[in-house]
Number of protein chains: 4
Amino acid sequence: MEPINVNDYEMQARGRLHQSIEDFYQGGSDDEVTLRENRAAFERIRLRPRVLVDVSQCDIRTAVLGIPVSMPILVAPTAAHGMAHPDGECATARAAGDAGTLMTVSSSASCSIEDIAQAATGPLWFQLYIDTYAQAKDYILRADAAGYQAIVLTVDLPRLGRRERDLRNGFRAYQAKHIPDAFSGHDMPMSSASAEGGTVESGTIPEVVDIGDTLTWETLDWIRSLTSLPIILKGILTAEDALLAVEHRVAGIVVSNHGGRQLDGVPPTIEVLPEVVAAVAGRCEVYLDGGIRRGTDVLKALALGANAVLIGRPVLWGLIVNGQPGVRHVLQMLHDEFRLAMMLAGCPNLQSIKPSLVKIV
Amino acid sequence: MEPINVNDYEMQARGRLHQSIEDFYQGGSDDEVTLRENRAAFERIRLRPRVLVDVSQCDIRTAVLGIPVSMPILVAPTAAHGMAHPDGECATARAAGDAGTLMTVSSSASCSIEDIAQAATGPLWFQLYIDTYAQAKDYILRADAAGYQAIVLTVDLPRLGRRERDLRNGFRAYQAKHIPDAFSGHDMPMSSASAEGGTVESGTIPEVVDIGDTLTWETLDWIRSLTSLPIILKGILTAEDALLAVEHRVAGIVVSNHGGRQLDGVPPTIEVLPEVVAAVAGRCEVYLDGGIRRGTDVLKALALGANAVLIGRPVLWGLIVNGQPGVRHVLQMLHDEFRLAMMLAGCPNLQSIKPSLVKIV
Amino acid sequence: MEPINVNDYEMQARGRLHQSIEDFYQGGSDDEVTLRENRAAFERIRLRPRVLVDVSQCDIRTAVLGIPVSMPILVAPTAAHGMAHPDGECATARAAGDAGTLMTVSSSASCSIEDIAQAATGPLWFQLYIDTYAQAKDYILRADAAGYQAIVLTVDLPRLGRRERDLRNGFRAYQAKHIPDAFSGHDMPMSSASAEGGTVESGTIPEVVDIGDTLTWETLDWIRSLTSLPIILKGILTAEDALLAVEHRVAGIVVSNHGGRQLDGVPPTIEVLPEVVAAVAGRCEVYLDGGIRRGTDVLKALALGANAVLIGRPVLWGLIVNGQPGVRHVLQMLHDEFRLAMMLAGCPNLQSIKPSLVKIV
Amino acid sequence: MEPINVNDYEMQARGRLHQSIEDFYQGGSDDEVTLRENRAAFERIRLRPRVLVDVSQCDIRTAVLGIPVSMPILVAPTAAHGMAHPDGECATARAAGDAGTLMTVSSSASCSIEDIAQAATGPLWFQLYIDTYAQAKDYILRADAAGYQAIVLTVDLPRLGRRERDLRNGFRAYQAKHIPDAFSGHDMPMSSASAEGGTVESGTIPEVVDIGDTLTWETLDWIRSLTSLPIILKGILTAEDALLAVEHRVAGIVVSNHGGRQLDGVPPTIEVLPEVVAAVAGRCEVYLDGGIRRGTDVLKALALGANAVLIGRPVLWGLIVNGQPGVRHVLQMLHDEFRLAMMLAGCPNLQSIKPSLVKIV
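Residues numbered from 1 in each chain as written. Chains lettered and ligands numbered in written order. Predicted model: local features only at pLDDT ≥ 70, side-chain atom pairs only at ≥ 80, totals over all residues. Heavy atoms only, no water.

A.B. asks: Could you give me a rundown of the overall build of chain A, with the residues and numbers involved?
C.D. replies: Within chain A, the secondary structure is distributed over 13 helices and twelve strands. Out of the 361 residues in chain A, the part that is buried amounts to 66%. Intrachain contacts of chain A at a sequence separation of at least 6 include 73% that bridge at least 24 residues. For chain A, the accessible area works out to roughly 11,700 Å², and carbon and sulfur atoms hold 52% of it. (Helix = DSSP H or I, 4+ residues; strand = E, 2+ residues; numbered from the N terminus. Buried < 20%, exposed > 50% of the residue type's maximum accessible area, 1.4 Å probe, protein only. Contact = heavy atoms within 4.5 Å. Areas by Shrake-Rupley, 256 points an atom, 1.4 Å probe, with all protein chains shown as cover.)

A.B. asks: Report on the interface of chain A and chain B, specifying residues and quantitative values.
C.D. replies: Facing the 30 residues of chain A at the interface are 40 residues of chain B. Sorting the residues of chain A by area buried against chain B places Arg46, Leu52 and Leu344 of chain A first, and these three jointly supply 27% of that buried surface. Summed over the shared surface of chain A and chain B, the number is ten salt bridges. Linking chain A to chain B there are 15 residue pairs in polar contact (both at pLDDT 80 or more). Where the side of chain A that touches chain B is concerned, the elements lending two or more residues are helix H1 (6-13), helix H3 (33-43), strand S1 (45-47) and helix H13 (313-344) of chain A. Take the side of chain A that touches chain B: its biggest share by element is six residues, from H13 of chain A. Here the residues of the side of chain A that touches chain B sort into 15 nonpolar, five polar and ten charged. (Buried area = accessible area lost by both parts, 1.4 Å probe. Salt bridge = Lys/Arg side-chain N within 4 Å of Asp/Glu carboxyl O. Polar contact = N/O pair within 3.5 Å; in protein donor to acceptor, adjacent residues only side chain to side chain. Nonpolar A, V, L, I, M, F, W, Y, C, P; charged D, E, K, R; others polar.)

A.B. asks: Pulling in residues and values, what's your account of the relation of the copies chain A and chain B?
C.D. replies: For these two chains of identical sequence, chain A goes onto chain B by a turn of 90° and a shift of 0.0 Å along the axis, with RMSD 0.0 Å. Such values leave the two copies arranged in the relation of a four-fold axis. For chain A, the residue whose C-alpha comes nearest the rotation axis is Val361 of chain A, separated from it by 8.6 Å. (Least-squares fit on C-alpha atoms with pLDDT ≥ 70 in both.)

A.B. asks: Describe the packing of aromatic side chains, naming the residues involved and giving the relevant values.
C.D. replies: Scanning the entire structure with this criterion turns up 24 aromatic pairs over all chains. Ring centres 5.0 Å apart and planes at 35° place the aromatic pair Phe24 of chain B and Phe171 of chain B in the tilted group. With Phe24 of chain B in helix H2 (residues 19-26) and Phe171 of chain B in the loop between helix H7 (164-169) and helix H8 (189-196), this pair connects stretches of sequence that are 147 residues apart. Among the residues examined, Phe171 of chain B registers a relative accessible area of 7% and is labelled buried. Pairing Phe126 of chain D with Tyr139 of chain D gives two aromatic rings, centres 5.8 Å apart and planes at 75°, and the pair type is edge-to-face. Within this pair, whereas Phe126 of chain D is found in strand S6 (residues 124-128), its partner Tyr139 of chain D is found in helix H6 (residues 133-145), the two being separated by 13 residues in sequence. Residue classification places Phe126 of chain D among the buried residues on the basis of a relative accessible area of 0%. For Tyr139 of chain D, a relative accessible area of 2% puts it in the buried group. Through successive ring pairs, a cluster of aromatic residues spans Phe24, Tyr25 and Phe171 of chain A. (Phe/Tyr/Trp six-rings, centres within 6.5 Å; stacked < 30°, edge-to-face > 60°.)

A.B. asks: Give me the lowdown on the pairing of S6 of chain D, citing residues and values where you can.
C.D. replies: All names here are of chain D. For S6, the buried fraction is high: five of the five residues fall into the buried class. Residue alternation in S6 divides its side chains into two sets, Leu124, Phe126 and Leu128 and Trp125 and Gln127, and both sets are buried. Note: strand S5 (residues 103-105) against S6, three bridges, orientation parallel. Counted as the bridge partner of Thr104 is Trp125 from S6. For the segment spanning S5, helix H5 (residues 113-119) and S6, crossover handedness is right-handed. A crossover connection joins S6 to the parallel strand S7 (residues 151-154) through H6; in handedness this β-α-β unit is right-handed. (Pairing = 2+ DSSP bridges. Right-handed = clockwise from strand over helix to strand, strands pointing away.)

A.B. asks: Can you tell me about the side chain of Thr92 of chain C, naming the residues and giving the values?
C.D. replies: Locating Thr92 of chain C in the fold gives a position in helix H4 (residues 88-98). In contact with Thr92 of chain C, not counting residues within four places along its chain, are Val75, His81, Met103, Val315, Leu319 and Val327 of chain C.

A.B. asks: Describe helix H12 (residues 295-303) of chain B, naming the residues involved and giving the relevant values.
C.D. replies: Residue and element names in this part refer to chain B. The buried fraction of H12 amounts to nine of the nine residues, a majority that puts the element mostly inside the structure. Along H12, the residues that are buried comprise Gly295, Thr296, Asp297, Val298, Leu299, Lys300, Ala301, Leu302 and Ala303. Following H12 by one or two positions, Gly305 adopts a phi angle in the positive range, close to 110°.

A.B. asks: Explain the interface of chain D and chain C to me, and be specific about the residues and the numbers.
C.D. replies: The interface is formed by 40 residues belonging to chain D together with 30 residues belonging to chain C. With both sides pooled, the region where chain D packs onto chain C buries about 2,900 Å², and carbon together with sulfur makes up 56% of that total. Broken down residue by residue, the surface that chain D buries against chain C is led by Arg162, Arg168 and Leu263 of chain D, which jointly contribute 21%. Across the pair Arg48 of chain C and Glu275 of chain D runs a salt bridge, and its minimum N-O distance is 2.7 Å. On inspection of chain D and its partner chain C, the count reaches 15 residue pairs in polar contact (both at pLDDT 80 or more). Listed by contribution, the elements that provide at least two residues to the side of chain D that touches chain C are helix H3 (33-43), helix H7 (164-169), strand S8 (231-236), helix H10 (239-247) and helix H11 (269-280) of chain D. Considering each element in turn, the side of chain D that touches chain C owes the most residues, four residues, to H10 of chain D. Residue composition of the side of chain D that touches chain C, by class: 17 nonpolar, seven polar and 16 charged.

A.B. asks: So what's going on with the packing of H1 of chain A against H13 of chain A? Which residues, and what values?
C.D. replies: The axes of two packed helices give the description: the angle between them and the distance between them. Residues and elements named next belong to chain A. The contact between H1 and H13 brings their axes to 10 Å, and the two run at 175°. Accordingly, the angle class assigned to the pair H1 and H13 is roughly antiparallel. Facing Val6, Tyr9, Glu10, Gln12 and Ala13 of H1, the residues of H13 in contact are Pro314, Trp317, Gly318, Ile320, Val321, Gly326, His329, Val330, Met333 and Leu334. Considered class by class, the residues forming the contact of H1 with H13 number ten nonpolar, four polar and one charged. (Axes fitted to C-alpha atoms, helices over the stretch in contact; angles between N-to-C directions. Parallel < 35°, antiparallel > 145°, perpendicular 65-115°, else oblique.)

A.B. asks: How would you summarise the nonpolar core if you had to cite specific residues and measurements?
C.D. replies: Judged by nonpolar contacts, the single largest core of 447 residues is most densely connected at Leu233 of chain A, Leu233 of chain B, Leu233 of chain C together with Leu233 of chain D. Once residues lying within four places of it in the same chain are set aside, the contact partners of Leu233 of chain D are Leu52 of chain C together with Leu153, Val155, Trp217, Leu220, Ala245, Val250, Gly252, Ile253 and Val254 of chain D. (Core = buried A, V, L, I, M, F, W, Y, C linked by side-chain atoms within 4.5 Å.)

A.B. asks: Run through the pattern of salt bridges, naming residues and quoting values.
C.D. replies: As enumerated under the stated definition, the model contains 100 salt bridges over all chains in all. For Arg61 of chain B, the salt bridge is made with Asp59 of chain B, and the minimal N-O distance between the two is 3.0 Å. Given a relative accessible area of 28%, Asp59 of chain B falls into the partly exposed group. Notably, a salt bridge pairs Asp8 of chain C with Arg168 of chain D, separated by 2.9 Å at the nearest N-O pair. Here the residue Asp8 of chain C occupies a position in helix H1 (residues 6-13), and Arg168 of chain D occupies one in helix H7, the pair thus bridging two chains. Several salt bridges converge on common partners, so that one network encompasses Asp8, Arg294 and Glu337 of chain A together with Asp30, Asp31, Arg162, Glu164 and Arg168 of chain B.

A.B. asks: Lay out the pairing of strand S11 (residues 308-311) of chain B in plain terms, naming residues and giving numbers.
C.D. replies: Residue and element names in this part refer to chain B. Alternating residues of S11 divide into Ala308 and Leu310 and Val309 and Ile311, and every residue in both groups is buried. With three bridges joining them, strand S10 (residues 285-289) and S11 adopt parallel strand pairing. Bridge pairing links Leu288 to Val309 in S11.

A.B. asks: For unusual backbone geometry, give the residues involved together with the corresponding values.
C.D. replies: Unusually for a residue other than glycine, Arg249 of chain A sits at a positive phi of about 55°. Positioned with a positive phi, Asp30 of chain B is a non-glycine residue whose angle comes to about 45°. Along the polypeptide, Asp30 of chain B turns up in the loop between H2 and helix H3 (33-43).

A.B. asks: Go over the side chain of Thr34 of chain D with me, naming the residues and quoting the values.
C.D. replies: Residue and element names in this part refer to chain D. Its place among the elements puts Thr34 in helix H3. Separated by 2.8 Å, the side chain of Thr34 and the backbone nitrogen of Gly265 make a polar contact. Residues contacting Thr34, with those up to four places away along its chain left out, are Asn257, Gly260, Leu263, Asp264, Gly265, Val266 and Pro267.

A.B. asks: Can you explain the environment of Asn169 of chain C? Please cite residues and give values.
C.D. replies: All names here are of chain C. Here Asn169 is to be found in helix H7 (residues 164-169). Each residue touching Asn169, except ones within four places of it in the same chain, is listed here: Gln19, Ser20 and Asp23. Side chain to side chain, Asn169 and Asp23 meet in a polar contact 2.8 Å long.

A.B. asks: Tell me about the packing of helix H12 (residues 295-303) of chain D against helix H13 (residues 313-344) of chain D, and please be specific about residues and values.
C.D. replies: Residue and element names in this part refer to chain D. One can describe the packing of H12 onto H13 by two numbers: an axis separation of 7 Å at closest approach and a directional angle of 60°. Taken together, the axes of H12 and H13 are oblique relative to one another. The two elements H12 and H13 meet at a crossing, and its hand is right-handed. Only Leu334, Glu337, Phe338, Ala341 and Met342 of H13 make contact with H12, whose side of the interface consists of Gly295, Thr296, Val298, Leu299 and Leu302. (Left-handed = near helix turned anticlockwise from the far one by under 90°.)

Okay, here's the thing in structure tokens:
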């Protein structure tokens, strides 16, 4: 059956990968309370639609950090697309570009920084984990050189969360890690393991987060010493940290709980968005990921002050089901749902989306 | 088994029509959150009954826009009754008249404006979609000429909502549309398709909402240039729009979310009724539809300030199960339930129904 | 299995009577929202126990309207005990007396006012429906003469509620009605019908509530013209009516929603108890019925200001399962549970039960 | 399968003991509302994690009443470990010591005060029930002599709660009681009964709580006349009693509802922790037990002001599944989960855990 919404892709993606990989993508940490709440929280927000507004020219184009995009829906960084599809991040990047939007490439990508850049037809950001300073420096310089337009530093992973599905499966997430060397150019082993449904050989791959638990706000200065790219912090969940981020002159914040995969029990992102937006007070851009499955979710996030949202798992589901066209379709569906939601809410453009559009119950 | 309440009719109506038509009537948009909430919200309202009041002469007659009706329960506009019963809206109109109440005829009726007027034994309002100005003008003039007593302009459908049941069924709502030409007089094709359970041929029928997304408050002036009938706006969900409606001198407002069929995530109607009533402050009449299944629901709506309620799906269920007598019975049951609810609540007349009769929990 | 709590009696009572009688006892009105909420509301109240209080002499004896009782747990009026057990109300009255508490006899009792009085070993109140003034006068005079100590006027039944189980079963509640003539002395027909599981012959029995919907506060004067017995009003759910009751010098109020059998959607009794208690401000006694199944429920009701509670269905379950000893056991279990709850809450006597003992969440 | 969390131990422990013993350990009182709420309440607390804090040296060591422990997670007193494992409390004590933490030994232990002390490799507290003053005096003196470092007086058991599972099983809790005579040295009969799955012979064992319902705040003076050990009160659930405890110079308070086994309907412990902490205002230590199953639960309790938490049933599950190593593993898992939760929350040490780390929703 032709998928008509993002949830259809989720259902169709089930059973196509080795269970341990599917679990890696789908799972959260501990009891998955935050994972569930990411969705449930959207249902506690009411939309307050306005009527008799001419919405025939509804325009959803916008810009993030000055980069024009077709819609305020971006691709979130997720690990190891090579496990989902042989073309890995290259397929995703092409699909994002086709959809006119921006992709955030993960430090744990299956394809190399350069290959993705070459494949991409749209703007790219680079998500950064700092395992060792040497490797991180290498990534930053390569991303900068390859034309990536921002560094998205993940700040909610001083250690890997307790993802119990992975613990039970004996799945080592960081088998799925490390961007392939730009010069070798081959995919990471996990990709073929995935294709064959075989067990994963972790061999000599080192643990990812070596110095992750030592990062501080000073780390931003170190990044700035290497690149002039704007820095975005991904994983902020409090007004306090949002203020610190502004003080440290970040270009953007991603309100994120890592898809419910790090500390279980943290709030759903949409629930804390207002406090972050209020703290930031327009001094940097604010994005949100976590649980976006509907155009109306996007509308709610924007009404509560987000500049844009990022989607993670839905992109993977599209990639699993149908590669590049699957991702493209997922993005298109969200585009269309969001635009229709705006029209039905009486919003002819993004500027007309205001806090009064929503009510939290 | 003889139905003893509206829910019985819903259950007995199941399985009698082609599944795609049943889905069209029953379904909501997206995840049907608003559809479910329309019902759930009534359970969050407590009735505070008064005792030792003489209610032996309990009188529930009222008037809407000066039109006397037997009860504050009217028939909401719903599409294409010909899909539910061969007699279509003519049966419904006769049943409403028998019950002493008013019917709102849909722009998407299966019978012609004139045929319904001829069949009707009670007052009629005409619900208007504006697809093209020419067609809308034709409808308005014909409705006026045929004795309809108000124009109910639907304002929550700049575009059709995402009704996923219909999307999956390949059901095109507007196959069910367009009032038959007054001169041809025959039913719309859908009606027979329904009877035969066959597939629907959409053929040359144009999309309904052509200019719907361009309507503005000025559209009311255009309607007023064609008719002196009072204008009611259907689909208001905010105090802001209620105020604008009053400023634009409408005669009435229907607090409606289109039965959960347009923008999913908007509030249940009973939840926003108080803010609309407060904004209007008596300057026009306020009605409510959405989720009314019990006499106590009517009582709650009136206590929160509605002048009357409109019922949609229950009328269709009655029509499906038993045609005109089925609709008549549904209306009678709600009449009796509502009157009994008033008596048990200590309300001898509609004037005694006050906000203190309810408490929202 | 030996029942160890009231719920066990409910389970053991199932299936012992003709289904239509069981439904009559168990059912509520409409969608039974209030019926369910009567129980659920108790779970939203937290007990705040105190420690290191000497509770070894815990005393739960009290008095209602000056009548000493062994505990603040009385027998509520319920209809037609002859349907539950051949000995009918006589068995119940003996059990209540054995337990040292008071029974409220229903106007719809299966046994005569006099027979119950003769059987009783404890104090009695008489619950009054006024169908006709002649009959009501007869009841009042007989109750007074037979030594009943209060008239409990039910004020929430101007009409019978919509008990859909009975409607579906064709069960006419008032087949179960009318106290047998004192001179004929035989049980009502329903009792044998029950025993045989046969259909009920309603014959010439008139509808109960003839003038019930005309009662007003002046009706109290009429009762006072016939008897000097104190008057209690059963069925008050608002502060407004509680104030009126005080103004009309009633001796007591029963906060009751008729076990969820009259107007569906009214609040659970424990939820409105505080507003009634506040309004009364000690000027009359306040009792509560509805959903009491545990000793902790009694404790919560008393903490929120009730002088005593009345139990209805649990008494019937005891009667169905084991006649007089069954009722006696039910009362004993509640006695013991309540006393233990007091001890565990640090309450050595009823005076120590204060509002600070509970918190509503 | 190797257990990876505490819930795994619970599942693996099922079915290993005679059902009546499992029910004794697992059950709560009455309807087990409080038992369920103890868990559910933790899900209503959100963690607010901070980022970019160097947590590489995360230190979770602390001290309770000046006694150094490896973590703020202690072993709660639970009855009759001999029913769970032949080695009884001796196994538990060794496991606690191995984990670097403190064990609270129950008055109802299967092993003698002295045997446990001899087996223990870490600090011990002694939980006291006062059945008779003679026996209690004997316990206190022996505990003091054996090196126990505090008396934990249980104050929420003036009488035994209504544990209906035990009532149905005919299980007499206090068959599981009485510390074996120091001189006889043999285990209590229950232990073998458990091993054989046979019925329990209660024989001549007296009821436990003889004078429990007469205890008052003066009882503390009596204890102080016997020992200079610090006194901790276990079972406080209100600010009022917390204040009294401070006035009576206790060294610590355990916010506890006895694992939902005493008065059903009292609040979950985590819900009342804030009011107790506020009342105490640092004048004594505050601990919490009840429902701790995750490292994040510990973090929430500490953020709301607890000095440490105690775990009861999880220790038993470990003991049932694998004796001493099982308990050791349970403690290690909670240690690791808690430390990781701190790191993911941005807390480098216990001092950094503040109320702003949580939000109650």
